[in-house]
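Summary of the model geometry
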Amino acid sequence: MKTIAFFDTKSYDKLSFSGRENDKYSFKFFESKLNENTVSMAACCDAVCVFVNDNINRFVIDKLCEFGVKLIVLRCAGYNNVDIKYAKGKITVLRVPDYSPYSVAEHTMALLLMLNRKLHRAYIRTRDHNFSLEGLCGFDLHSKTAGIIGTGRIGRVFGEICKGFSMNVLGYDPYPSNEFVGEYVDLDTLLKTADVISLHCPLTKENRFFIDQSAIEKMKNGAYIVNTSRGMLIDTKALITGLKSGKIAGAGLDVYEEETHLFFEDYSDEVIHDDVLSTIISMPNVIVSSHQAFLTKEALKDIADTTLYNLDSFFEGKELKNQVL
Ligand code: NAI
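Residues numbered from 1 in each chain as written. Predicted model: local features only at pLDDT ≥ 70, side-chain atom pairs only at ≥ 80, totals over all residues. Heavy atoms only, no water.

1. Focus: the domain arrangement of the chain
The line we're drawing: In this document the domain limits rely on a domain assignment from an automatic tool or a database. Any two residues whose heavy atoms approach within 4.5 Å at even a single point are treated as in contact. For any pair of parts, buried area is found by adding up, for both, the accessible area (1.4 Å probe) each one loses once the two are put together. Any Lys or Arg side-chain nitrogen located within 4 Å of an Asp or Glu carboxyl oxygen qualifies as a salt bridge. Polar contacts here mean pairs of N or O atoms no more than 3.5 Å apart (in protein, one a potential hydrogen donor and the other a potential acceptor; neighbouring residues in sequence count only if both atoms are side-chain atoms). When residues are sorted by character, Ala, Val, Leu, Ile, Met, Phe, Trp, Tyr, Cys and Pro go into the nonpolar class, Asp, Glu, Lys and Arg into the charged class, and all the rest, Gly among them, into the polar class.
As far as domains go, the chain holds domain 1 (2-99 + 297-315) and domain 2 (101-288). Using C-alpha coordinates to define each centre, domain 1 is positioned 30 Å away from domain 2. Between domain 1 and domain 2, the residue contacts involve 13 residues of the former and ten residues of the latter. Around 1,000 Å² of area is buried between domain 1 and domain 2 when both sides are counted, 43% of it from carbon and sulfur atoms. On the domain 1 side of the interface with domain 2, the three residues burying the most area are Asn53, Asn80 and Tyr99, jointly 45% of the side's total. Taken together, the links from domain 1 to domain 2 amount to three salt bridges. For aspartate 98, the salt bridge identified is with arginine 153, shortest N-O distance 3.6 Å. The tally of links from domain 1 across to domain 2 stands at six residue pairs in polar contact (both at pLDDT 80 or more). The residue inventory of the side of domain 1 that touches domain 2, partitioned by class, reads six nonpolar, three polar and four charged.

Next up, the structure:
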């Protein structure tokens, strides 16, 4: 019997994994995130199961190895929160590369529609019996240009959704795909041409602040930005400057560069000590959701299925199809 320690466990994780324990595995669910302060909770476990905001740095990897933990299974696709280079040769890291891309792509369009048609403001107004339409004018997506940065599984589905709205679809990706429904262009052309820019590439050391002041300056006046990928891809301070000047007409953010200590938790009774986040959240043309784009029943089932497959592959000595690196 192998013991698997789940970190950053929420009710929906417990639901999708409960009933999946068998004579091979027992699950220990912890609400804490895995980091330097909590790694001792993994002592006596065979594997840790982590999510996007667990911090698996060198210290944590060394401690896991000291405790005899052999495996890190990620309940997500991105792995920027794991020091992969350091982990190599010390501990195996497996991920879930393939869960429903529709969950994230559909949330991306939800953010765009909500922003453009000001539904976040309309919802609040009508609840207060304010039926005025002042300030709620949007634009047709029909014939507008979507610029998709990263045309992997999610970016491609988002491209198809945009096509469904009769948008022109442009893409930028160093590794183009035949399955992309749009037209590939260089990054500058995409930035200059797109009415809506949507990020779907992974975060790497090389593309931190991919959307910075200089990228924003190249954009069309009044462009919209949607980011459902990773927060660090955007320099939020530069985005705020762009929003203040009107260069950027609106931003839909499911991720935020400093989300680790905030997202997924309830701080509604507290003052947030993050002035950048407080500023951007207060803007009427910004919608922030707290990294919820993945959160559909279908995606959660896919994540649980693949995580169990990853555990079986490792502990039964089979081929590791989802190994990182
Ligand atoms: P994928 O691996 O299928 O596609 C990523 C694409 O980005 C690839 O085609 C790759 O060539 C391209 N790419 C890499 N570096 C690039 C760069 N510098 N510029 C442009 N393109 C670049 O990944 P998938 O499944 O489509 O996911 C994309 C990202 O979405 C993930 O890396 C993750 O960060 C994020 N994500 C967010 C979720 C959420 O709940 N908000 C849930 C799942 C993923």
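Resuming the write-up.
2. As for the pattern of salt bridges
For clarity, the cut-off: Only DSSP runs of H or I reaching four residues or more are called helices, and only runs of E reaching two or more are called strands; each is numbered from the N terminus. Working definition: with a 1.4 Å probe on protein chains only, accessible area under 20% of the residue-type maximum means buried, over 50% means exposed, and in between means partly exposed.
Applying the stated criterion across every chain yields a total of 15 salt bridges. Between aspartate 305 and arginine 20 there is a salt bridge, and its shortest N-O distance comes to 2.8 Å. Here aspartate 305, found in helix α11 (residues 297-315), pairs with arginine 20, found in the loop between α1 (11-17) and β2 (25-29); they are 285 residues apart in sequence, far enough to count as distant. Residue classification places arginine 20 among the partly exposed residues on the basis of a relative accessible area of 29%. In this structure, the salt-bridge partner of glutamate 316 is lysine 318, at a minimum N-O distance of 2.8 Å. Under the relative-accessibility criterion, glutamate 316 is labelled partly exposed at 39%. Residue lysine 318 is classed as partly exposed on the basis of its relative accessible area of 48%. Among the ionic contacts, a cluster of salt bridges with common partners joins Asp8, Lys10, Lys33 and Glu265.

3. With respect to the site of the ligand
Definition in use: Nearness is judged by heavy atoms alone; a residue qualifies as near a molecule or strand once a single heavy atom is within 4 Å of it. Note on areas: these come from Shrake-Rupley sampling with a 1.4 Å probe, and a residue is covered only by the protein chains present in the view.
If you check the shell around the ligand, you find 24 residues, and the closest are Tyr99, Ile154, Asp173, Thr228 and Asp254. Aspartate 173 places a side-chain nitrogen or oxygen 2.6 Å from an oxygen atom of the ligand. Interatomic distance of 3.5 Å between a backbone N/O atom of serine 229 and an oxygen atom of the ligand. Coverage of the ligand by the protein amounts to 85% of the 860 Å² it exposes when considered alone. When the residues that make up the shell around the ligand are grouped by side-chain class, the tally is twelve nonpolar, eight polar and four charged.

4. Topic: the packing of helix α9 (residues 236-245) against helix α10 (residues 275-282)
Applied cut-off: The convention used is that axes are lines fitted to C-alpha atoms, helices contributing only their stretch in contact, and that angles between N-to-C directions extend from 0 to 180 degrees. Crossings are sorted by hand: turned counterclockwise from the far helix by less than a right angle, the near helix makes the crossing left-handed, and turned clockwise it makes it right-handed.
Where α9 meets α10, the closest approach of the two axes is 10 Å, and the angle between their N-to-C directions is 30°. For the element pair α9 and α10, the recorded crossing hand is left-handed. Residues Thr236, Lys237, Leu239, Ile240 and Leu243 of α9 pack against Val276, Thr279 and Ile280 of α10. Partitioning the contact of α9 with α10 into residue classes produces five nonpolar, two polar and one charged.

5. Section: the nonpolar core
What counts, and what does not: To qualify as a nonpolar core, a set must consist of buried Ala, Val, Leu, Ile, Met, Phe, Trp, Tyr and Cys residues joined through side-chain atoms within 4.5 Å.
Ranked by size, the top nonpolar core spans 66 residues in total, and within it Leu34, Val48, Leu64, Ile211, Met219, Leu239 and Ile280 carry the most contacts. Counting residues per element, this core draws most heavily on α9, at four residues. Both domains that meet at this core, namely domain 1 (2-99 + 297-315) and domain 2 (101-288), each give it at least three residues. If sequence neighbours within four positions are ignored, isoleucine 280 has contacts with Thr236, Leu239, Ile240, Leu243, Leu253 and Val286. In this structure, Met109, Leu111, Leu115 and Tyr224 belong to the second largest nonpolar core, which totals 19 residues.

6. Some remarks on the pairing of strand β7 (residues 168-172)
To keep things clear, this is the line we draw: Two strands pair under a simple rule: DSSP has to find at least two bridges between them. Crossover handedness is defined here as right-handed if the route from the first strand over the helix to the second strand goes clockwise, with the strands pointing away from the viewer.
Here five bridges tie strand β6 (residues 145-149) to β7, and the two strands are oriented parallel to one another. Among the inter-strand pairings, threonine 145 is bridged to a residue of β7, identified as asparagine 168. Each parallel crossover has a hand, and the one from β6 via helix α6 (residues 153-164) to β7 is right-handed. Where β7 and strand β8 (residues 183-184) come together, two bridges link them in parallel fashion. Paired with glycine 171 across the bridge in β8 is tyrosine 184.

7. Description of the pairing of strand β11 (residues 248-253)
Remember that side chains alternate between the two faces of the sheet whenever the strand is regular. Buried residues dominate β11, accounting for five of its six residues. Here strand β10 (residues 223-227) pairs with β11 via five bridges, running parallel. If you follow alanine 223 over to β11, its bridge partner there is isoleucine 248. For the crossover from β10 across α9 to β11, the handedness is right-handed.

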